[in-house]
Amino acid sequence: MPALVNFPGNNEVCTEGFLFPHYAGVAAYQPPCKRSRITAPFCFAIDDNQFAKLNQKVVEKRPCYIDALPNECLFEILRRLPGAQERCASACVSKKWLSVLSSIRSSEIPKETKTSLPDLNEEPVIDVEEEVESEECIRRTLEGKKATDIRLAAISISSGFRGGLSKLLIQGSHPTRGVTDKGLAAIARGCPSLAVLSIWNVPHVTDAGLSEIADGCPLLEKLDLVQCPLISDKGLIAVARKCPNLTSLNVESCVRVGNDCLQAIGRCCPKLASVTIKNCPLVGDQGIIDLVSSAGASLAKVKLHGLNIGDHAIANVGFHGKAITDLTLSGLQSVAERGFWVMANTLGLQKLKSVAIISCPGLTDLGLASIAKCCPGLKQVHLRRCGQVSDAGVKAFFEAATLLESLQLEECNSITLNSVLSALIVCGPKFKSLSLVKCLGIKDIITPPGMVQIPSCASLRCLTVRNCPGFSDASMVMVGKICPMLESIELSGLGEVSDHGLFPLINTCAGRLVNVNLCKNANLTDLAAISLVKANGNTIKLLNLDGCKKVTDKTVMEIVERCVVLEELDLSRSMVSDFGVAALASAKQLKLRVLSLAGCQKLTGKSVLSLGKMGRSLEGLNLLSCNLVNSYNLASLEEKLWWCDLLI
């Protein structure tokens, strides 16, 4: 075959697939070779720009015929690929192929058949990790800029190769190429076994995308929709009608969701067990009534936050909620005292075990006492920002709630320490945990004159007093006398508590304390810390002295000598020095899992050498805001503690 051809009238010469201009006077001839293996192109005097333009003409004359096929033809070709692995490989060819593959439903893929006989000489390979992963649920999470339609399409195809996607969480969206209905449609077509779907802060998803999920994922069990402004009742009605296995629904800050979808969900989802509706302005009394009246036999957890509902809705929750065990009512400004009273006295909440009432001004002493009397199985109560609840309500509540195990009072400023301690004396034998947080009414009380012996609460095991400015040494002395069996204490942010107030509590609970949190108590010194370690060194597993600026190496030396089961130690922002760190590192009996030294200004580079000798039991080390760390020390410490999570 000739290597050079002259096209007449074109003044161009073609050789080896390249075009060259024909120059006069140039003898360009090469005899044909019988078996030409390598044919070198002819080189002529030609500039680079002209050469590139001529080559571009040839490339343009060679179109990619597979891309010229319409999508319908590609669809028929790609859906007949023999297996999931081949489909995954084809999806990597181009975005067009990926888009076509993601539009193929699982039902449209024919059953896989072998196209060739197996190679009998090939040894079978068993991938153990592949088998283990296929048995477990496949979970995928897309956050921020990674959340795009392209990634969702890739997930829908690749998950089929491993048995099917079970859980998908989308948090946020790419600012310009974010998740839309197309991405959800791809998931719906390729992941029919999807059971859990969470969509958080995705502004471009509409009812059309949610309807695609309803059509393609009939096995959906849990749905979370948070800050999805374009989703309305229409999309949720489609889910209700086509996903009968739905057990959990969370709708938060979806401004177009109203009453109609709640009615459909209550009627069409007989397995619904958990519902959370938060900050949806179109949801009113009728929606809540329809929901609980239809699904009351299965609903176990109900959370209503920031809704425009009144007494009528709350009363129906109490009447129809015969299966409710956990109830949370938050920010219900239109619910009055009558609503809470009727909710309790309808006697429908017989199975209620846990209730949380937050920022509800309509809750009064009468409503709280009614809940305790009419809910005999109540075990856990959390009250926050309920300013109408006073000492009388707390007393009546404790007298009626005989099975109560835990009470948390937060920002309830009308409640005093006197009523709390009086309630502890009359509480039931199962009461184990009390928490007082930011309660301005918690102030010092003085023991009445002539009272020799104060009754105690032998059942209480956990006590939390946090950020109560009126709680001082006198209050601590009373707590120590009334609560002798404590095992876990958190006394944090109490600026008026000193060593003298803590001594009686330490002596009363000697040999029992397991978890001790004394953070942000600037008045505590080594005297109280050493006394605590001496009395409870054999039992303490967690000790938090963060922000105790008067604690020094003396306490550390006592910890090294006496604590044998300590696992977590926090000495952040204390006066511990290199000497104390060296003692901790050399202690053989200590098996610390977590150590925090953040903000300890007395530490230097010497502590890095000591910390490098810590045992293999150490899992976490916090050295934030420490001057001892530089680039060299950091590299050295990371090399020595390669198994440990460092926070620097």
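Preceding block: the structure.
To keep things clear, this report deals only with the structure shown in the data block. Model, not experiment: these values are computed from the prediction.

A word on the overall build of the protein chain
Part 1 of the argument: Broken down by element type, the protein chain carries 23 helices and 23 strands.
Part 2 of the argument: Accessible surface computed for the protein chain: about 32,300 Å², of which carbon and sulfur atoms make up 54%.

Considering the pattern of salt bridges
Part 1 of the argument: The final tally for this structure, using the stated rule, is 12 salt bridges.
Part 2 of the argument: Arg 384 is the salt-bridge partner of Glu 411, the closest N and O atoms lying 3.7 Å from each other. In this pair, Glu 411 is assigned in the loop between β14 (406-410) and α16 (417-426) and Arg 384 in strand β13 (residues 380-384), connecting sequence segments 27 residues apart.
Part 3 of the argument: Assessed through its relative accessible area of 22%, Glu 411 is described here as partly exposed.
Part 4 of the argument: Within this structure, Arg 384, Arg 385, Glu 410 and Glu 411 form a network of salt bridges that share partners.

Section: the pairing of strand β9 (residues 274-278)
The two faces of a sheet get side chains in turn, since along a regular strand they alternate between them.
Part 1 of the argument: Taken together, the 5 bridges between strand β8 (residues 248-252) and β9 define a ladder with parallel strand orientation. Bridge pairing in β9 places Ser 248 opposite Ser 274.
Part 2 of the argument: For the crossover from β8 across helix α10 (residues 259-268) to β9, the handedness is right-handed.
Part 3 of the argument: Between the parallel pair β9 and strand β10 (residues 301-305), the chain is carried across by helix α11 (residues 285-295), and the sense of this crossover is right-handed.

Description of the side chain of Asn 316
Part 1 of the argument: Relative to the helices and strands, Asn 316 is located in helix α12 (residues 311-320).
Part 2 of the argument: On the accessibility criterion, Asn 316 (12% relative accessible area) is buried.
Part 3 of the argument: A polar atom in the side chain of Asn 316 sits 2.8 Å from the backbone oxygen of His 312.

Quick notes on empty space enclosed by the protein
Part 1 of the argument: All chains considered together, the criterion is met by 4 cavities of 30 Å³ or more.
Part 2 of the argument: There is about 40 Å³ of room inside the second largest cavity.
Part 3 of the argument: Considering the residues around the second largest cavity, the lining is formed by Leu 417, Val 420, Leu 421, Leu 424, Leu 434, Leu 436, Leu 463, Val 465, Val 479 and Cys 483.
Part 4 of the argument: Only α16, β15 (433-437) and β16 (462-466) provide two or more residues apiece to the lining of the second largest cavity.
Part 5 of the argument: A total of 4 residues in the lining of the second largest cavity trace back to one element, the largest contributor, which is α16.

A word on the pairing of strand β7 (residues 222-226)
Part 1 of the argument: Within β7, 4 of the 5 residues are buried, which leaves it mostly tucked inside the rest of the structure.
Part 2 of the argument: Here 5 bridges tie strand β6 (residues 196-200) to β7, and the two strands are oriented parallel to one another. Residue pairing for β7: Val 196 is matched across the bridge by Lys 222.
Part 3 of the argument: Handedness of the β6-helix α8 (residues 207-216)-β7 crossover: right-handed.

Conventions we followed
- Residues numbered from 1 in each chain as written.
- Predicted model: local features only at pLDDT ≥ 70, side-chain atom pairs only at ≥ 80, totals over all residues.
- Heavy atoms only, no water.
- Helix = DSSP H or I, 4+ residues; strand = E, 2+ residues; numbered from the N terminus.
- Areas by Shrake-Rupley, 256 points an atom, 1.4 Å probe, with all protein chains shown as cover.
- Salt bridge = Lys/Arg side-chain N within 4 Å of Asp/Glu carboxyl O.
- Buried < 20%, exposed > 50% of the residue type's maximum accessible area, 1.4 Å probe, protein only.
- Pairing = 2+ DSSP bridges.
- Right-handed = clockwise from strand over helix to strand, strands pointing away.
- Polar contact = N/O pair within 3.5 Å; in protein donor to acceptor, adjacent residues only side chain to side chain.
- 1 Å grid on protein atoms, 1.4 Å probe; cavity = no way out; pocket = protein on both sides within 12 Å on 5 of 7 lines; lining within 4 Å.
- Points joined across faces, edges and corners; volume = space filled by probe spheres on them.

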